[in-house]
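Tertiary structure, described
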Amino acid sequence: MASSAEQQVPSYLKRVVIDNGGHMCKVGFAGQPEPLRCMLNGVVRSKGATGKVYVGDQYDKCPDYSSLQYRRSLERGCLVNWDTQAEVWSRALGADVLNVNPADSSLLLTEIPMCPTAIQDTLDEMVFEHFGFHSYCTRSAPVLAALSIAAEQAKASGGGAPSPAALVVDAGFSATHCVPIFGSVALNYGIKRLNVGGKMLTNHLKQIVSYRAYNVMEETHLMNDVKERLCYLSLDFEADLALTRFRGKKNTIRREFVMPDYVHTTRGVIRDPHAAQPEPAPSPRDKDGAPAAKKGRVPADRADEQALSLSNERITVPELLFRPSDIGMEQAGVPECIAQSVEACLPDAREALYANILLTGGCSRFPNYEARLRRELRQLVPADFRIEVTAASDPTLAAWRGGSLFAASDDYDSAVVTKEQYREEGHALCRRRFAAA
């Protein structure tokens, strides 16, 4: 039968792996340790009436990142801007990146947990009818990330038997998901979602800075850079927050971010305001006996710079991952979501889930994220349960690496749906086969 699960993918086909994230789209080939290219998953237009348009990886060559207009493929983790996604994938599959013909390729694509069926059906049409891939399958990004981290754990332990259960905490761009996994199957009834991700944290930082200092509501790239380089999770939030109220050298948290002008500099500079600054070289007039500059006057080389002072913002912005109620969200933080996810599973599996918590997603790169999570989980979990937390070596690439491993394995052949099978049985076959994993 054409719909047989034993359908083999011809060996001549190139197996393309795409981790379609809300912020970045990682593309490459199966069996490779790293993606060939990580590109913005969207289209960007520069300011001005004749603004230039940048698609995908063209964004990296943009000379001026100020006041850019973004049109992203995904909103809240769901693929909704289909024209934009088609432009990004066309760029990825073209001669400048992968250089493949979809008709001679099989596609493995990641998706968010519990993706709506209507979006999955439209995705089938886009893959087969618009691009014309020979075959494809989708997998939940946390499931693939668990596969990648399990491979890292096995390598570190010398090839020991992997744990049958895992709880993946995917703190990504659009949201944070807690996904319990048994074997290689996500337990849908235990999945919990927290609507706090990297995008929301960046927007929150933009609002705070715009209210207190400069209007940066259109400076998404700049504020995202500030968030990634200066924000961290406090291990003692109340004490650190009290520390930020001091002025002068007592406030050890305060930092200055010298914003780029995109003429002489394209990347901001972090500066400790209390650190000793080098003395400026004396001018010729000073050498001739002219009076020296008054103490406390801003040096000439710093007179035109715009320095953004950040103090409590460094800890209050990422704190929303653990205390979303600080801005009025009626949702539990990451530790409570983990506990709720485990409690929704069978009692016999709970101990194994707590003993293998896997961290992935860009927000897990905040300093102290893992230590803070361990501390707060210990207060929620019964004392006789062991808590083990493992972070991916590269949280942003974990899902793609897992996809690369899966697409290169023998299990991939029976997981895909070919274009001929799709024409015969339609979306129903895709939903059955992709949901079985």
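Residues numbered from 1 in each chain as written. Predicted model: local features only at pLDDT ≥ 70, side-chain atom pairs only at ≥ 80, totals over all residues. Heavy atoms only, no water.

Here we look at the overall build of the protein chain
Stated precisely, the cut-off is as follows: Helix numbering and strand numbering both begin at the N terminus, where a helix is a DSSP run of H or I of at least 4 residues and a strand a DSSP run of E of at least 2. Atoms considered for the radius of gyration are the C-alpha atoms alone. The globule rule reads 2.2 Å times the number of residues to the power 0.38. Think of it in three bands: with a 1.4 Å probe and only protein chains considered, a residue is buried below 20% of the maximum accessible area for its type, exposed above 50%, and partly exposed in between. All accessible-area figures derive from a Shrake-Rupley calculation using a 1.4 Å probe, and residue coverage is judged against the displayed protein chains alone. As used throughout, the charge tally considers Lys and Arg to be positive and Asp and Glu to be negative, leaving His and the chain termini uncounted. Note that the charge is assigned to NZ on lysines, CZ on arginines, CG on aspartates and CD on glutamates.
Scanning the protein chain for helices and strands turns up 14 helices and 20 strands. Expected size for 437 residues packed as a compact globule is a radius of gyration near 22 Å; at 25 Å, the protein chain falls within 12% of this value. The principal-axis extent of the C-alpha atoms belonging to the protein chain is close to 95 × 60 × 45 Å. The buried share of the protein chain, reckoned over its 437 residues, is 50%. Accessible surface, the protein chain as shown: approximately 21,200 Å² in total, 51% of it carbon and sulfur. Put simply, the protein chain has 50 plus and 53 minus side-chain charges, and the middle of one group is 7 Å from the middle of the other.

As for helix 3 (residues 141-156)
What counts here: In this scheme, a helix's expected span is set at 1.5 Å multiplied by one less than its residue total.
Across its 16 residues, helix 3 extends 23 Å between first and last C-alpha, which sits within 8% of the 22 Å expected from 1.5 Å per residue. All of the buried residues in helix 3 are A141, P142, V143, L144, A145, A146, S148 and I149. Immediately downstream of helix 3, the backbone of G158 shows phi near 80°, a positive value.

A word on helix 2 (residues 117-131)
With 15 residues, helix 2 extends 20 Å between its outermost C-alpha atoms, agreeing within 8% with the 21 Å of an ideal straight helix rising 1.5 Å per residue. Among the residues making up helix 2, those that are buried are I119, Q120, D121, L123, D124, M126, V127, F128 and F131. Directly beyond the C-terminal end of helix 2, a positive phi value near 75° is found at G132.

Let's talk about the packing of helix 1 (residues 82-93) against helix 2
Quick reminder of the rule: Comment: axis = line fitted to C-alpha atoms, over the contacting stretch for helices; angle = value between 0 and 180 degrees taken between N-to-C directions. Angle categories: roughly parallel below 35 degrees, roughly antiparallel above 145, roughly perpendicular from 65 to 115, and oblique for all the rest. The crossing is said to be left-handed when, going from far helix to near helix, the turn is anticlockwise and less than a right angle, and right-handed when the turn is clockwise. Two residues form a contact once any of their heavy atoms are found within 4.5 Å. Under this grouping Gly is polar, as are all residues other than the nonpolar Ala, Val, Leu, Ile, Met, Phe, Trp, Tyr, Cys and Pro and the charged Asp, Glu, Lys and Arg.
Taken N-terminus to C-terminus, the directions of helix 1 and helix 2 make an angle of 45°; their axes are 12 Å apart at the nearest point. If you check the angle between helix 1 and helix 2, you find them oblique. When you trace helix 1 past helix 2, the crossing you get is right-handed. On the side of helix 1, the interface is formed by W82, Q85, A86, W89, S90 and L93, while helix 2 contributes I119, T122, L123, M126, V127, H130 and F131. Here the residues of the contact of helix 1 with helix 2 are counted per class, giving nine nonpolar, four polar and no charged.

Some details on the sheet that holds strand 1 (residues 14-20)
For clarity, the threshold we go by: In short, DSSP must find at least two bridges between two strands for them to pair.
Strand order across the open sheet formed by six strands is 3-2-1-9-10-20, with mixed pairing between neighbours. Both outer strands of the open sheet, strand 3 (37-40) and strand 20 (417-418), are each paired with one neighbouring strand and no more. Note: strand 10 (residues 135-140) against strand 20, two bridges, orientation antiparallel. When the sheet's bridge partners are listed, Y136 is paired in strand 20 with V417.

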